[in-house]
Amino acid sequence: MRDIFKWGIEFTQKNKNLDWFEIKRESFMPLLAINLHHLLNGKVFIILSDDDRAWFCDYFIYKINCSQTRPIFPFFKLNALYPKFTNTTPKEQIALICDMLNIVFDDNIVCFYIGKTGTGSYALTKNFENNFLWIIDDMIENSFYLSSKGENLDNQLIELTKIFDSAINAVLFEEVAL
């Protein structure tokens, strides 16, 4: 059984369209390993984004849970749980939303955020200990950095979903140890 880091190297080498990921792999794989561990230990993932990446939340949930050969995983878009939430929701309301999420999910939450900092969604993630942050155009500690310049960002998000999905399979089918 391989470790997740060796698996990441092999996966990148097998997929020629991941040239852009080669230099970012070392910063992504530790975050992926931690969050796969959270997922397999029953944590619920609340997915949030900035307004420009709202489409991605739906795409990610669909892709991760469309398999007929594995369990459905607990990924929930925040707006599906609380439709009134927007990236301009006041801080006081964000605090109440966090309380609701902690009560419902018994503090077993990972906030999965995709987007730029400075949004209500990003502010909400700061209220939780466990986060999986894909931050665009800003370097934040313990997050994965993506640039909106250069390579096609939407394609990169789709490829990262493929990596996440394939890593879930690798762990579930005991090809990889965390």
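Throughout this document, residue positions are counted from 1 along each chain, in the order its sequence is written. Totals for whole chains, interfaces and linings use all residues, but because this is a predicted model, local features are given only for residues with pLDDT of at least 70 and pairs of side-chain atoms are given and counted only at 80 or more. Remark: hydrogens and water are excluded; side-chain values derive from all non-hydrogen atoms of the structure.

1. Let's talk about the overall build of the chain
Definition in use: Strands here are runs of E lasting at least two residues and helices are runs of H or I lasting at least four, both read from the DSSP assignment and numbered beginning at the N terminus. What the globule rule says is 2.2 Å times the number of residues to the power 0.38, and the radius of gyration is computed from C-alpha atoms. Per-residue and other accessible areas follow the Shrake-Rupley method at a 1.4 Å probe size, with only the shown protein chains counted as cover for residues.
Looking only at helices and strands, the chain features eight helices and seven strands. For 178 residues, the compact-globule estimate of 2.2 N^0.38 gives 16 Å, and the C-alpha radius of gyration of the chain, at 16 Å, lies within 12% of that figure. Seen through its C-alpha atoms, the chain measures out along the principal axes to roughly 45 × 35 × 30 Å. Only carbon and sulfur atoms are counted for the fraction: they give 52% of the accessible area of the chain, which is about 9200 Å².

2. Re the packing of helix α1 (residues 4-14) against helix α3 (residues 25-40)
Test applied: Lines fitted to C-alpha atoms define the axes, with helix axes restricted to the stretch in contact, and inter-axis angles between N-to-C directions lie between 0 and 180 degrees. Orientation labels follow simple angle bins: below 35 degrees gives roughly parallel, above 145 gives roughly antiparallel, 65 to 115 gives roughly perpendicular, and whatever is left gives oblique. Rotating anticlockwise by less than a right angle from the far helix to the near helix defines a left-handed crossing, while the corresponding clockwise rotation defines a right-handed one. Whether two residues are in contact is decided by their heavy atoms: any pair within 4.5 Å suffices.
Viewed as axis vectors pointing N to C, α1 and α3 meet at an angle of 125°, and their least axial separation amounts to 10 Å. With respect to α3, the axis of α1 lies oblique. As α1 packs across α3, the resulting crossing turns out to be right-handed. Facing α1, whose interface residues are Ile4, Phe5, Trp7, Gly8, Ile9 and Thr12, α3 presents Arg25, Met29, Pro30, Ala33 and Leu36.

3. Topic: a nonpolar patch on the surface
In plain terms, the rule: A patch is a set of surface residues, each over 30% in relative accessible area and not in a salt bridge, joined within 9 Å for like charges and within 5 Å for the nonpolar side chains Val, Leu, Ile, Met, Phe, Trp and Tyr. A carboxyl oxygen of Asp or Glu within 4 Å of a side-chain nitrogen of Lys or Arg is what we treat as a salt bridge.
On the surface, Leu40, Leu172, Phe173 and Leu178 cluster together into a nonpolar patch covering about 340 Å² of accessible area. Mapped onto the fold, leucine 172 is located in helix α8 (residues 153-172).

4. Quick notes on the pairing of strand β4 (residues 109-115)
Cut-off, in case you're wondering: Here the term buried applies to any residue with accessible area under 20% of the maximum for its type, exposed to any over 50%, and partly exposed to those in between, with areas from a 1.4 Å probe on protein chains only. When DSSP finds two or more bridges between a pair of strands, those strands are recorded as paired.
Burial analysis of β4 places seven of its seven residues in the buried class, which makes it a mostly covered element. Residues Ile109, Cys111, Tyr113 and Gly115 line one face of β4 and the alternating positions Val110, Phe112 and Ile114 line the opposite face, and both faces are buried. As defined by bridge partners, strand β2 (residues 44-49) adjoins β4 across six bridges and the pair is classed as parallel. Bridge pairing in β4 places serine 49 opposite isoleucine 114. By the bridge criterion, six bridges tie β4 to strand β5 (residues 130-136) in an arrangement that is parallel. Bridged to glycine 115 within β5 is isoleucine 135.

5. Regarding the sheet that holds β4
Spatially, five strands are ordered β3-β2-β4-β5-β6 in an open sheet, and the strand pairing comes out parallel. With partners counted over all chains shown, the strands left at the sheet margins are β3 (75-77) and β6 (144-146), one partner each. Each strand axis lies, on average, 20° off the axis of its neighbour in the sheet, ignoring direction. The strands that α3 touches are β2, β3, β4, β5 and β6; relative to β5, the one it contacts most, it runs at about 145°. Most of the contacts of helix α4 (residues 54-64) go to β3, to which it runs at about 155°, and overall it touches β2, β3, β4 and β5.

6. Describing the pattern of salt bridges
Considering all chains together, one arrives at eight salt bridges under this definition. Shared partners join several salt bridges into a network, and the residues in it are Arg2, Glu10 and Glu175.

Any functional reading would require information that these geometric values do not contain.
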